[in-house]
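Here are the chains, one letter per residue:
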Amino acid sequence: QVQLVESGGGLVQPGGSLRLSCAASGSFFSIGAMGWYRQAPGKERELVGTISNSFTTNYADSVKGRFTISRNNRKNTVYLQLNSLRPEDTAVYCCNAVVYNGSIFDNYWGQGTQVTVSS
């Protein structure tokens, strides 16, 4: 039983900032790579960025230079810092994690947190 719970979403004005968190809880030995995804109404889910357990990051071109992924392994938490937000960033943001339970690696998804960028 592993859960990923996102938090930190909300309503912000264009140009504003938010910091999203995704905390893992339950029974597991370790967490591998993690990623952030987003899905806007009527649009397919897209990759925002990833971070490995060696802290290597990758970002979609649409967010590069504006968003930053980080993680705190002691807290089993991954973060997404969103700066210079635009209306087109409005979406439900979900985190994904590869979790090792001592025997196998499993892939888990959070339920998402809403980010709305509007005046």
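Scroll up for the structure.
A few points on the structure. The model shown is predicted, which means the values in this text are computed figures rather than measured ones.

Of note in this structure, Phe 55 is not a glycine but carries a positive phi near 75°. Among the secondary structure elements, Phe 55 is positioned in the loop between strand 5 (46-51) and strand 6 (57-59). Of note, the phi angle at Ser 84 is positive, near 50°, even though the residue is not glycine. By the secondary structure assignment, Ser 84 is in the loop between strand 8 (77-82) and strand 9 (91-100). Of the residues examined, Ser 84 reaches a relative accessible area of 41% and is grouped as partly exposed.

This model, assessed by the stated rule, comprises four salt bridges. A salt bridge links Arg 38 to Glu 46; its shortest N-O distance comes to 2.8 Å. Where Asp 89 meets Arg 66, a salt bridge forms, and the shortest distance between an N and an O atom there is 2.8 Å. Note that Asp 89 is positioned in the loop between strand 8 and strand 9 and Arg 66 in the loop between strand 6 and strand 7 (67-72), a separation of 23 residues in sequence. One salt-bridge network, held together by shared partners, links Arg 38, Lys 43, Glu 46, Arg 66 and Asp 89.

Moving on, we come to the state of the cysteines. Across all of its chains, the model carries one disulfide by this definition. Between Cys 22 and Cys 95 runs a disulfide, and the two sulfur atoms are separated by 1.8 Å. Measuring the twist about the S-S bond at about 45°, one finds the Cys 22-Cys 95 disulfide to be right-handed. Within this pair, whereas Cys 22 is found in strand 3 (residues 18-26), its partner Cys 95 is found in strand 9, the two being separated by 73 residues in sequence. On the basis of relative accessible area, Cys 95 is assigned to the buried category, the value being 0%.

For the rest of this paragraph, the subject is the packing of aromatic side chains. In total, this model carries three aromatic pairs according to the counting rule given. Taking 4.8 Å as the distance between ring centres and 55° as the angle between the ring planes, the aromatic pair formed by Tyr 37 and Trp 109 counts as tilted. With Tyr 37 in strand 4 (residues 30-39) and Trp 109 in strand 10 (residues 105-109), this residue pair connects regions lying 72 residues apart in the sequence. Trp 109 sits in the partly exposed class, given a relative accessible area of 36%. By way of ring pairs, the aromatic residues Phe 29, Tyr 100 and Phe 105 are connected into one cluster. Over the aromatic face of Trp 109 sits the side chain of Arg 45, whose NZ or CZ is 4.0 Å from the ring centroid.

This paragraph deals with the environment of Tyr 108. Relative to the helices and strands, Tyr 108 resides in strand 10. Not counting the four nearest positions on each side in its chain, Tyr 108 is found in contact with Val 2, Leu 4, Cys 95, Asn 96, Ala 97 and Val 99.

What follows concerns the side chain of Thr 113. Of note, Thr 113 is situated in strand 11 (residues 113-117). What makes Thr 113 buried here is its relative accessible area of 10%. A polar contact of 3.2 Å, which involves the side chain of Thr 113, links it to the backbone nitrogen of Gly 9. Other than its neighbours up to four places away in sequence, Thr 113 contacts Glu 6, Ser 7, Gly 8, Gly 9, Leu 20, Ala 91, Val 92 and Tyr 93.

What counts, and where the lines are drawn
Residues numbered from 1 in each chain as written. Predicted model: local features only at pLDDT ≥ 70, side-chain atom pairs only at ≥ 80, totals over all residues. Heavy atoms only, no water. Helix = DSSP H or I, 4+ residues; strand = E, 2+ residues; numbered from the N terminus. Buried < 20%, exposed > 50% of the residue type's maximum accessible area, 1.4 Å probe, protein only. Salt bridge = Lys/Arg side-chain N within 4 Å of Asp/Glu carboxyl O. Disulfide = S-S within 2.5 Å. Phe/Tyr/Trp six-rings, centres within 6.5 Å; stacked < 30°, edge-to-face > 60°. Lys NZ or Arg CZ within 6 Å of the ring centre and 35° of its normal. Contact = heavy atoms within 4.5 Å. Polar contact = N/O pair within 3.5 Å; in protein donor to acceptor, adjacent residues only side chain to side chain.

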